[in-house]
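# Summary of the model geometry
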Amino acid sequence: MGKVSAALMGSIVGGFAAVAAMVFWFGWGLPGSGQVAHVDPTRADYVDLLLTVVTIFLGAIGLAVTVGALVIGLVAFKTLREIKTEAATEAKGAAAVQINATMAAGLGHTILSEMARKGELDEVFERVAMRLQSGEPEPESGDQA
């Protein structure tokens, strides 16, 4: 909210600065190109000045709205990313809890029993037996000479 307020204040101050620059640039009320200054400006001069000021203020308001929309969009994008990250973290935690509960319920024992029955664990059991008999860690496959 602070960024939006700063953008609005910046556009308003910028609008005032632009109006002052336009007044000095066009030299309203000052003599120009050898012409005599009007002691009393005409109605056309006032209308011209007023239309210029209104145009600049409308541009400043448009700029403020654009900057505000950009800020709101960036904040929304950041918030959505945070929500997505938080949801993924919670989903991982819930999945871990569910997996642990399922494993505790005996599914792991059932899977291992089925693998042992099919002979898929014979190589693993042989390696464990060799470690127990030798009392040493098994050498890595790349360390053998």
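A quick note: this is a predicted structure, and the numbers were derived from the prediction, not measured.

### Digging into the overall build of the chain
- Across its full length, the chain holds four helices and zero strands.
- Ordered by position in the sequence, the α and β elements of the chain form the string α-α-α-α.
- For the chain, buried positions account for 9% of its 145 residues.
- Just so you have it, the chain exposes about 12,000 Å², and 68% of that area is on carbon and sulfur atoms.

### Brief notes about a nonpolar patch on the surface
- The grouping of L50, V54, L58, I61 and V65 at the surface amounts to a nonpolar patch, some 480 Å² of accessible area in total.
- Tracing the chain through its elements places L58 in helix 2 (residues 43-104).
- On the accessibility criterion, L58 (54% relative accessible area) is exposed.

### Notes on the packing of aromatic side chains
- Evaluation of the coordinates by the stated rule reveals one aromatic pair.
- Relative to F57, the ring of F16 has its centre 5.3 Å away and its plane inclined at 85 degrees; by these criteria the two rings are edge-to-face. Of this pair, F16 sits in helix 1 (residues 2-26) while F57 sits in helix 2; the two residues are 41 residues apart in sequence, bridging distant segments of the chain.
- Residue classification places F57 among the partly exposed residues on the basis of a relative accessible area of 28%.

### Quick word on helix 4 (residues 122-134)
- With 13 residues, helix 4 ought to run about 18 Å at 1.5 Å a step, and its terminal C-alpha atoms sit 18 Å apart, in line with that.
- Residue G135 follows helix 4 closely and has a positive phi angle near 75 degrees.

### Re the pattern of salt bridges
- If you walk through the whole model with that rule in mind, you get one salt bridge.
- Among the salt bridges present, the one from R117 reaches E114, with a minimum N-O distance of 2.4 Å. Highlighted residues: R117 and E114, both in helix 3 (residues 107-118), separated by three residues, approximately one helical turn.
- E114 sits in the partly exposed class, given a relative accessible area of 32%.

### Thoughts on helix 1
- In a regular helix each residue adds 1.5 Å, so 25 residues correspond to 36 Å; helix 1 covers 36 Å between its end C-alpha atoms and thus fits that length.
- Residues of helix 1 that are buried: A7, S11, G15 and V19.

### Section: the side chain of T52
- On the secondary structure map, T52 appears in helix 2.
- Overall, the relative accessible area of 15% leaves T52 in the buried class.
- Within polar-contact distance, the side chain of T52 engages the backbone oxygen of D48 at 2.8 Å.

### Section: a positive patch on the surface
- Judged by side-chain charge, K3, K78, R81 and K84 come together as a positively charged surface patch.
- For the positive patch, the element with the highest residue contribution is helix 2, accounting for three residues.
- Within the element layout of this structure, K78 appears in helix 2.
- Judged by its relative accessible area of 47%, K78 is partly exposed.

Rules behind the numbers
Residues numbered from 1 in each chain as written. Predicted model: local features only at pLDDT ≥ 70, side-chain atom pairs only at ≥ 80, totals over all residues. Heavy atoms only, no water. Helix = DSSP H or I, 4+ residues; strand = E, 2+ residues; numbered from the N terminus. Buried < 20%, exposed > 50% of the residue type's maximum accessible area, 1.4 Å probe, protein only. Areas by Shrake-Rupley, 256 points an atom, 1.4 Å probe, with all protein chains shown as cover. Patch = residues over 30% accessible without salt bridge, like charges linked within 9 Å, V, L, I, M, F, W, Y side chains within 5 Å. Salt bridge = Lys/Arg side-chain N within 4 Å of Asp/Glu carboxyl O. Phe/Tyr/Trp six-rings, centres within 6.5 Å; stacked < 30°, edge-to-face > 60°. Expected span 1.5 Å × (residues − 1). Polar contact = N/O pair within 3.5 Å; in protein donor to acceptor, adjacent residues only side chain to side chain. Lys, Arg positive; Asp, Glu negative; His and termini not counted. Charge placed at Lys NZ, Arg CZ, Asp CG, Glu CD.

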